[in-house]
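Here are the chains, one letter per residue:
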Amino acid sequence: MKYVLVSGGVISGVGKGIIASSTGLLLKTRGLKVTMIKIDPYMNIDAGTMAPTEHGECFVLGDGGETDLDLGNYERYLNITLSRDHNITTGKIYQHVIEKERRGDYLGKTVQIVPHLTDALQDWLIRVARLPVDETKEQPDVCVIELGGTVGDIENAPFVEALRQLRRKAGAGNFLHIHVSMIPVINEEQKTKPTQQTIKDVRSAGLNPDLIACRCKDELMTSTIEKVAMFCQVETEQVVAVHDVPSTYHVPLVLEKQDLIASLTKILNLDQLESPSKLRLRGATTWEMWKTSTSIQESQQLVTIALVGKYTSFADSYISVIKSLEHSAMFCKRKLNLIMVDSSNLEEESSKSSLTEYRKAWDTLRKVDGILVPGGFGTRGTEGMIAATRWARTNKVPFLGVCLGMQIAVIEYARSVCMLTSAGSQEFNAQVVDPVIIFMPEIDSTSMGATMRLGMRPTHFQPGTEWSQMRRLYRNSPVAASKDTIGGLIIHERHRHRYEVNPAYVSKLASHGLNFVGKDDKGERMEISELKDHPWFVGVQFHPEYLSKVLEPSRPYLGFFAASAGCLDEVMERLESGKGALGS
């Protein structure tokens, strides 16, 4: 097993996740089987209970694991399927060691950070690195490990020590360390002192980086690269310049241009690994498709989408949603213009407290090509979401509601079309008169962590829904688990929710035209809603963004974006013919 460690210094959020994902992608294009692990130094067991505005979205895996958003990048870039064990947190590894101590595994020993915690970390990394994550179902060749946080932080110390020991255990030619640093530009001068200091810090902690990835807003000057090499005691070819680019999808191209693969091959002796010709060919094809798909042409049509949500102050709260829209835009050969709209500003109350923001929000909404209402929790801003949904429905503007967004669409339809003016959700008001959205009976209402309906679940398209645009889009998709027959089509998507459409109101909603074209395997839980007489008005209870890939966009997002761009029929035809992206 070969290991690639990616750590960071100077500041957090320096770009370790994208560089780690890009490194993994480049290794995979060489025909290697690659897996990835993320280490997060926070005390939470997982990311499930953290506010998205503080740490970004919670990414849900197929096994229901609630993880750091970087695992979403890994899956999107490498087209792999990870498990909850691929995300290690301080809380998770301490819990693991404490449980072992309670079982008596350390009987008679004084349990300490070194060696017991560091040994447990190494055992975890070695075990998880060997788990198959792709369609080959074989053990990976290379494991890329991203160490979250900043080297030198007190909470990182046990992980750094464990990784130092792992490097020694792996042996020469089997472990490579990339340290990501920042080169700030002050008065138009690229400053190397922060990088010099972070390399000093990481070496004092026991690690010796093989490559230094220098982040900078501009391309690094030759003199800057030489200065980093001189004062960090490395060769110039060990300094990798990663400047700002128009899209994070271009970072692999930046790394490839600097012969990162050659450096990885030399240090890790990758030439000694035998890659089947089939995987090498697939890797080469993937790389060509990546370069073609991620190129942006200035002449491409601009498509404006409004994301109407409650966490709009921090874009990473919706990172998978945004990436899914970007994937769809690339497929359609269009340019995405995404506008974040705080749903609270669309509410009548806002017109009294902040008339300027109210008018600005509505002026924006009235001009967009499509409206998307994503997931979320709590009451704040939900009336604004309902107002935006009503606007989309009545004005024939393409609409996609995801999780909470679907529930919002059901509430709006119940109020406006079914004339249930008191319709609402038990999440917003436990005593609501017409609870069209209810708390799922099997969900634990006392504990918060990992208690939702999580992970991959089947959705069955119902008989008589052959007219459904969603059903047509899902045919022959990677998530389709069956052929599309008279009996229906089965798909698998990932879920994360506590509330659902109340079955007691389904017949009334359906009789008024809100079609629940997709249901769970028992036919009791509503999964997909769709209107017939609308260019695109779809709600999904699941989170399709979690399975969207750069070269294989999520079908609900692709349909929504294509409808907003006016090319839905063309996209449908290309998908059915197997021709792929428009213009390819």
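Let us look at the structure shown here. It should be emphasised that the depicted structure is a prediction, and the values quoted were computed from it without experimental measurement. (Residues numbered from 1 in each chain as written. Predicted model: local features only at pLDDT ≥ 70, side-chain atom pairs only at ≥ 80, totals over all residues. Heavy atoms only, no water.)

1. A few points about the pattern of salt bridges
Selection rule: Any Lys or Arg side-chain nitrogen found within 4 Å of a carboxyl oxygen on Asp or Glu counts as a salt bridge. Runs of H or I in DSSP of at least four residues are treated as helices and runs of E of at least two as strands, each being numbered from the N terminus. Type-normalised accessible area, obtained with a 1.4 Å probe on protein chains alone, sets the label of each residue: buried when under 20%, exposed when over 50%, and partly exposed for intermediate values.
On inspection of all chains with the given rule, the structure shows 30 salt bridges. The salt bridge partner of Arg366 is Asp363, with a shortest N-O separation of 3.8 Å. Placement of the pair is Arg366 and Asp363 together in helix α14 (residues 355-367), with a separation of 3 residues, close to one helical turn. Of the residues examined, Arg366 reaches a relative accessible area of 47% and is grouped as partly exposed. For Arg555, the salt bridge identified is with Glu552, shortest N-O distance 3.1 Å. Note on Glu552: relative accessible area 29%, which makes it partly exposed. Among the charged side chains, a salt-bridge network with shared partners connects Lys38, Asp40, Asp68 and Asp70.

2. Examining the packing of aromatic side chains
As a reminder, the rule being used: Geometry of aromatic contacts follows a simple scheme: Phe, Tyr and Trp rings, the Trp one being its six-membered ring, pair when their centres are within 6.5 Å, and the pair is stacked under 30 degrees between planes, edge-to-face over 60, tilted otherwise. Criterion for a charge above a ring: Lys NZ or Arg CZ within 6 Å of the ring centre, and within 35 degrees of the ring normal.
The full count for this structure, using the stated rule, is 10 aromatic pairs. On the basis of an interplanar angle of 55° and a centroid distance of 5.9 Å, the ring pair of Phe461 and Tyr474 is categorised as tilted. Here the residue Phe461 occupies a position in strand β18 (residues 453-461), and Tyr474 occupies one in helix α17 (residues 469-474), the gap between them amounting to 13 residues. The exposure class assigned to Tyr474 is buried, which follows from its relative accessible area of 0%. Every member of this aromatic cluster is reached through a ring pair, and the members are Tyr77, Tyr249 and Trp290. Looking at Lys323, its charged tip hangs above the ring of Tyr249, at a distance of 5.1 Å from the centre.

3. Some details on the nonpolar core
Note the following rule: Buried residues of nine kinds, namely Ala, Val, Leu, Ile, Met, Phe, Trp, Tyr and Cys, make up a nonpolar core once their side-chain atoms join them within 4.5 Å.
If you look at the biggest cluster of nonpolar residues, it comprises 46 residues, and the most contacted ones within it are Val4, Leu27 and Val144. In terms of residue count, helix α1 (residues 16-29) provides more of this core than any other element does, 6 residues in total. If you look at the next biggest cluster of nonpolar residues, it comprises 42 residues, including Val151, Leu166, Ile183 and Leu220.

4. A look at the sheet that holds strand β17 (residues 434-439)
Applicable threshold: Pairing between two strands requires that DSSP report at least two bridges joining them. Note on definitions: angles span 0 to 180 degrees between N-to-C directions of axes, and those axes are lines fitted to C-alpha atoms, for helices only across the stretch in contact. Throughout, a contact is declared for two residues whenever any of their heavy atoms are within 4.5 Å.
The sheet built from 3 strands is open, its strands ordered β16-β17-β20 with mixed pairing. Strands at the two margins of the open sheet, each flanked by one partner only, are β16 (423-425) and β20 (499-501). In this sheet, neighbouring strand axes are inclined to one another by 30° on average, regardless of whether the strands run parallel or antiparallel. Strand direction decides the pairing type here: β16 and β17, joined by 3 bridges, are parallel. Paired with Ser425 across the bridge in β17 is Ile437. The strands that helix α16 (residues 404-416) touches are β16, β17 and β20; relative to β17, the one it contacts most, it runs at about 165°.

5. Quick look at the environment of Glu226
Assignment of secondary structure puts Glu226 in helix α8 (residues 222-231). With a relative accessible area of 45%, Glu226 lands in the partly exposed category. Here the alpha-carbon distance between Glu226 and Thr236, two residues 10 residues apart in the chain, equals 6.0 Å.

6. Considerations on the packing of helix α12 (residues 319-332) against helix α19 (residues 555-565)
In plain terms, the rule: When an angle is under 35 degrees it counts as roughly parallel; over 145 it counts as roughly antiparallel; between 65 and 115 it counts as roughly perpendicular; any other value is oblique. Note on convention: near helix rotated counterclockwise from far helix by under a right angle means a left-handed crossing. Clockwise means right-handed. Charged means Asp, Glu, Lys or Arg here, nonpolar means Ala, Val, Leu, Ile, Met, Phe, Trp, Tyr, Cys or Pro, and polar covers whatever is left, Gly included.
The geometry of α12 relative to α19 is characterised by a closest axis approach of 9 Å and an angle of 60° between their N-to-C directions. The angle between the axes of α12 and α19 places the two elements in the oblique class. Here α12 runs over α19; the crossing is right-handed. Across from Val321, Ser324, Leu325, Ser328, Ala329, Phe331 and Cys332 in α12, the residues of α19 making contact are Tyr557, Leu558, Phe560, Phe561 and Ala562. Considered class by class, the residues forming the contact of α12 with α19 number 10 nonpolar, 2 polar and no charged.

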